[in-house]
Amino acid sequence: MKKLIHTLLAGSLLTTCLATTSAVNAMTVSPQNWWAGMQNSSLQIMLHETEIAKQQWYLESYPGVELKSITKTDNANYAFINLEISPNAKPGKLLFKNRAGDQFEYPLLTRDKQSAERQGFDSGDTIYLINPDRFSNGDSSNDTVQGMAEAASPSERGGRHGGDIQGIINALPYLDELGVTQLWLTPPLENNMPSYSYHGYAITDFYNIDPRMGSNELYRELSAKAKQHGIGLVMDLVLNHFGSEHEWMKDKPTTDWINFNGDFADGKHATSHARQTIQDPHASEFDKRQFSDGWFVSTMPDLNQRQPLLATYLIQNAIWWIEYADLSGIRVDTYSYSDKAFLADWTKAIMAEYPNFNIVGEEWTSNPAIASYWQAGKINNDGYTSSLPSVMDFSLQESLIQALNEDESWNTGWVKVYESLANDFLYPNPDNLLVFADNHDMSRVYTELKQDLAKTKMAMTMLLTTRGIAQMYYGTEVLLDNTGSSDHGDIRIDFPGGFAGQKTNAFTGQGLNSDQVDMQQTITTLLNFRKNSPAIAKGKLTHFSPKEGVYSYARISEQQTVLVFLNKNTTAKTWSLDYMREVLGNHKSATALFNKQKVKLTKPLTLPAVSALVLVIE
């Protein structure tokens, strides 16, 4: 073993087999490296090899690094080395040896000087959500990879279509011109599952990019090149579950690593999805456990984050990716399904390491009383304290779609949007909520609005000018559509121009119809305006009760005021501004965002039918 370990580990940060192989006599080390100068001085290294726990490991003397203990479990194939790394420790290579004469080197790397102060995504950003497999195929040679369980099958809805990280790198100039400032990719980590693995949420290796997507090095290259375009990278992490083909299903580190003893029991141990049990003061312990410990499906076993070794593994994994790939944020899938005490520890550890970072959790509920429970700063009746900066605003998403599809009345139409935003008193920081019209798990906004271009433009104008962090699903700018199907494979449709043989190319404009061109131009105008608008980025939101089918509001900062009028009526409206004097002040004129015309604020406006009017006052 001595020669093998030395070969695998000596001086190599990116030896991917180090963290992925499950061969009987090839030791794996996770994480495969660490950095000097981290805020948290503790590090736990997982070793996995047949009967590794029987080895007596020690650390050769290294200034500033102390081997505190080695944790062994009920599985002799795992051992956990616990280190203390002082702030004075220098980068270098730690040397571990055992009494049998085996040894391996462990890289302690130099940390970027600005790493701890990195700026996370914020309310001035627009996050562009991409399903990598469906966006752009930049390297056809990795569509099918020998040794991976699922080959490419572009004609199947649920098959792999070949999109990859190289395709996203190639698209960076387009995304920059569009006005995107952040990229959120659905998980690009290894999903070595026999079928339906393209979506990325059945992870079989938490430390390596799926080779059909590229490599760790290419993911880091994407981050670096995106930054050159002023675009940050947000990683989609899964804490709740993993893929059933992960080595942990065959060789669990501890007997309690997976909930319900690793048994789905033909659905008996499926999650109830009853997220309200977490806050419900009357909830039974049975119902709480069924929600948190239950599995999504048999192919996604549920992790037991109450297991302290697993909790540390997941915390360190997130920090490792932030450092390695220079991330600007994290989106957490199925956030509330994980153990809530663990979630508090996980977010606290990351935010302590990166005080200006941002993390958004998915809590799929239209009830802001439930969603707000998870945001940092919320004082909860049960005493629960969260450090999660942001949650997804499903309430506003649902209200917006309903508002645009309903007739106006005292309790339908725009009033639903107004009431959703009025509930902001429940949130400690409503400006740090993620707002969106659709995403990879729901029908596209153009589909939901019955293929109505004008309403889709209104929806996106509202979301890109209201409070919060804007997220847009890829292809919205060219009206991608899943009308007639709710299958995820159709919601996650191939981006036009990203794949060989397509007649339409959104990157170049070739083959786009007039509505698609109109939408793309509208989105480009809105996103580039957001980039430089102090009112949108940091301004106060003041909205007015809807009337006569019109919803209006202002975004106000010291440098700028932005007025927005959303007219649902099928006829133009002559619109007095008398009710808006509190936000207009002494201003007499404004500039219309879309046509750049000067507009007088001293007389009634004309609001075109089914349209959004955005006025900018400098």
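Scroll up for the structure.
Residues numbered from 1 in each chain as written. Predicted model: local features only at pLDDT ≥ 70, side-chain atom pairs only at ≥ 80, totals over all residues. Heavy atoms only, no water.

Engineer: Could you give an account of the overall build of the chain, naming the residues involved and the relevant values?
Structural biologist: Helix and strand counts for the chain come out as 19 helices and 26 strands. What you see for the chain is a C-alpha radius of gyration of 26 Å, in line with the 25 Å of a compact globule of 618 residues. Across its three principal directions, the C-alpha atoms of the chain cover 90 × 55 × 50 Å. Out of the 618 residues belonging to the chain, those deemed buried represent 59%. Across the chain, contacts joining residues at least 24 apart in sequence account for 71% of those joining residues at least 6 apart. For the chain, the accessible surface area stands at approximately 23700 Å², while carbon and sulfur atoms represent 48% of it. Averaged over its 52 positive side-chain charges, the chain has a centre that lies 5 Å from the centre of its 70 negative ones. (Helix = DSSP H or I, 4+ residues; strand = E, 2+ residues; numbered from the N terminus. Rg over C-alpha atoms; globule rule 2.2 N^0.38 Å. Buried < 20%, exposed > 50% of the residue type's maximum accessible area, 1.4 Å probe, protein only. Contact = heavy atoms within 4.5 Å. Areas by Shrake-Rupley, 256 points an atom, 1.4 Å probe, with all protein chains shown as cover. Lys, Arg positive; Asp, Glu negative; His and termini not counted. Charge placed at Lys NZ, Arg CZ, Asp CG, Glu CD.)

Engineer: Which residues make up the sheet that holds strand β23 (residues 589-592), and what values go with them?
Structural biologist: Backbone-to-backbone hydrogen bonds pair the strands of a sheet. The strands run either parallel or antiparallel. Ordered in space as β19-β20-β21-β26-β23-β24, the six strands form an open sheet in which the pairing is antiparallel. The open sheet terminates on both sides in strands that have one partner only, identified here as β19 (540-547) and β24 (598-600). On average, each strand axis in the sheet is tilted by 25 degrees relative to the strand beside it, whichever way the strands run. Packing of helix α13 (residues 414-422) onto the sheet brings it into contact with β19, β20 (550-556) and β21 (561-567), and relative to β19 it is tilted by some 145 degrees. Packed on one face of the sheet, helix α15 (residues 453-463) meets β20, β21 and β26 (611-617) and runs near 35 degrees to β26. (Pairing = 2+ DSSP bridges. Axes fitted to C-alpha atoms, helices over the stretch in contact; angles between N-to-C directions.)

Engineer: Tell me about the pattern of salt bridges, and please be specific about residues and values.
Structural biologist: Under the criterion given, the structure shown has 32 salt bridges. Note that Arg 212 is salt-bridged to Asp 210, the shortest N-O span being 2.9 Å. Neither Arg 212 nor Asp 210 differs from the other in exposure class; each is buried. Across the pair Lys 568 and Glu 408 runs a salt bridge, and its minimum N-O distance is 2.7 Å. With Lys 568 in the loop between β21 and β22 (573-575) and Glu 408 in the loop between α12 (394-405) and α13, this residue pair connects regions lying 160 residues apart in the sequence. Using a relative accessible area of 32% as the deciding quantity, one classes Glu 408 as partly exposed. Taken together, the shared-partner salt bridges connect Glu 150, Arg 160, Asp 210 and Arg 212 into one network. (Salt bridge = Lys/Arg side-chain N within 4 Å of Asp/Glu carboxyl O.)

Engineer: Go over the packing of aromatic side chains, please, and point to the residues and values.
Structural biologist: Tallied over the full model, the rule gives 39 aromatic pairs. Directly above the ring of Tyr 474 sits Arg 444, whose terminal nitrogen or CZ lies 4.8 Å from the centroid. (Phe/Tyr/Trp six-rings, centres within 6.5 Å; stacked < 30°, edge-to-face > 60°. Lys NZ or Arg CZ within 6 Å of the ring centre and 35° of its normal.)

Engineer: Got a sec to walk through the packing of helix α6 (residues 216-228) against helix α9 (residues 308-325)? Specific residues and values, please.
Structural biologist: Describing two packed helices takes the angle between their axes plus the distance from one axis to the other. Closest axis-to-axis distance for the α6/α9 pair is 9 Å, and the angle between their directions is 65 degrees. Where α6 abuts α9, its residues Asn 216, Glu 217, Tyr 219, Arg 220 and Ser 223 lie against Trp 320, Trp 321, Tyr 324 and Ala 325.

Engineer: Give me the environment of Leu 563: which residues, what numbers.
Structural biologist: By secondary structure assignment, the location of Leu 563 is in strand β21. Overall, Leu 563 belongs to the buried group, its relative accessible area being 0%. As a C-alpha pair, Leu 563 and Asn 208 span 355 residues in sequence and 46 Å in three-dimensional space. Setting aside residues no more than four positions away along its own chain, Leu 563 makes contact with Tyr 553, Ala 554, Met 580, Val 583, Leu 584, Leu 601, Leu 613, Val 614, Leu 615 and Ile 617.

Engineer: Describe α15, with residues and values.
Structural biologist: Burial analysis of α15 places eight of its eleven residues in the buried class, the great majority of the element. Sitting at the amino-terminal end of α15 is Asp 452, which places a side-chain oxygen 3.1 Å from the backbone nitrogen of Ala 454. (Polar contact = N/O pair within 3.5 Å; in protein donor to acceptor, adjacent residues only side chain to side chain.)

Engineer: Give me the lowdown on the side chain of Glu 190, citing residues and values where you can.
Structural biologist: As for its placement among the helices and strands, Glu 190 is situated in strand β11 (residues 189-190). At 2.6 Å, the side chain of Glu 190 forms a polar contact with the side chain of Thr 204. Every residue in contact with Glu 190, bar those within four places of it in the chain, is listed here: Met 148, Ala 202, Ile 203, Thr 204, Asp 205, Asn 208, Ile 209 and Asp 210.

Engineer: Let's hear about the pairing of strand β10 (residues 182-185): which residues, and what values?
Structural biologist: Here β10 shows no split at all, with Gln 182 and Trp 184 on one side and Leu 183 and Leu 185 on the other all buried. With four bridges connecting them, strand β9 (residues 126-130) and β10 associate as parallel partners. Across the sheet, Tyr 128 pairs through a bridge with Leu 183, a residue of β10. Examined bridge by bridge, β10 and strand β13 (residues 232-238) share four bridges and lie parallel to one another. Each bridged residue has a counterpart across the sheet, and for Leu 185 the counterpart in β13 is Met 235.

Engineer: Which residues make up the nonpolar core, and what values go with them?
Structural biologist: By size, the foremost hydrophobic cluster in this structure holds 166 residues, and its most contacted members are Tyr 128, Leu 183 and Trp 346. Counting residues per element, this core draws most heavily on α9, which supplies 13 residues. Among the nonpolar cores identified, the runner-up in size contains 19 residues, and Ala 554, Leu 563, Leu 584 and Leu 605 belong to it. (Core = buried A, V, L, I, M, F, W, Y, C linked by side-chain atoms within 4.5 Å.)

Engineer: I'd love a proper account of unusual backbone geometry, names of residues and values included.
Structural biologist: A cis amide bond links Ser 30 to the next residue, Pro 31, at an omega of -10 degrees. Looking at the element boundaries, Pro 31 is found in the loop between β1 (28-30) and β2 (34-35). The phi dihedral of Glu 51 falls on the positive side, at around 55 degrees, and the residue is not glycine. Relative to the assigned elements, Glu 51 resides in the loop between β3 (42-48) and β4 (57-59).

Engineer: Quick rundown of the packing of α12 against α15? Include the residues and the values.
Structural biologist: At a minimum axis distance of 11 Å, the contact between α12 and α15 shows a crossing angle of 145 degrees. You can see that α12 and α15 cross each other, and the crossing is right-handed. In this structure, α12 contributes Leu 396, Leu 400, Leu 404 and Asn 405 to the contact, and α15 contributes Lys 455, Met 458, Ala 459, Met 462 and Leu 463. For the contact of α12 with α15, a count of residues per class yields seven nonpolar, one polar and one charged. (Left-handed = near helix turned anticlockwise from the far one by under 90°. Nonpolar A, V, L, I, M, F, W, Y, C, P; charged D, E, K, R; others polar.)

Engineer: Hey, could you go over the pairing of strand β18 (residues 469-473) for me, with residue numbers and the actual values?
Structural biologist: Most of β18 is tucked away, with five of its five residues classed as buried. Residue alternation in β18 divides its side chains into two sets, Ile 469, Gln 471 and Tyr 473 and Ala 470 and Met 472, and both sets are buried. Looking at chain direction, β9 and β18 are connected through four bridges and run parallel. The partner of Leu 129 across the bridge, within β18, is Tyr 473. When strand β17 (residues 434-436) meets β18, the two strands line up parallel, connected through three bridges. By the bridge assignment for β18, Val 435 is matched with Ala 470.

Engineer: Can you explain the environment of Ala 79? Please cite residues and give values.
Structural biologist: Secondary-structure assignment places Ala 79 in strand β6 (residues 78-85). Since its relative accessible area comes to 1%, Ala 79 is described here as buried. Along the chain, Ala 79 and Gln 55 lie 24 residues apart, while their C-alpha atoms are 9.0 Å from each other. Beyond its immediate chain neighbours, meaning those up to four positions away, Ala 79 contacts Ile 45, Met 46, Leu 47, Ile 52, Ala 53, Ile 70 and Thr 71.

Engineer: An account of the sheet that holds strand β5 (residues 65-72) is needed here, citing residue identities and associated values.
Structural biologist: Spatial ordering of the open sheet is given by β1-β3-β6-β5, a layout of four strands whose pairing is antiparallel. Two strands close off the open sheet at either side, each with one partner strand: β1 and β5. Geometrically, the sheet is characterised by an average inter-axis angle of 25 degrees between neighbouring strands, direction not taken into account. Direction of pairing for β5 relative to β6: antiparallel, over a ladder of seven bridges.

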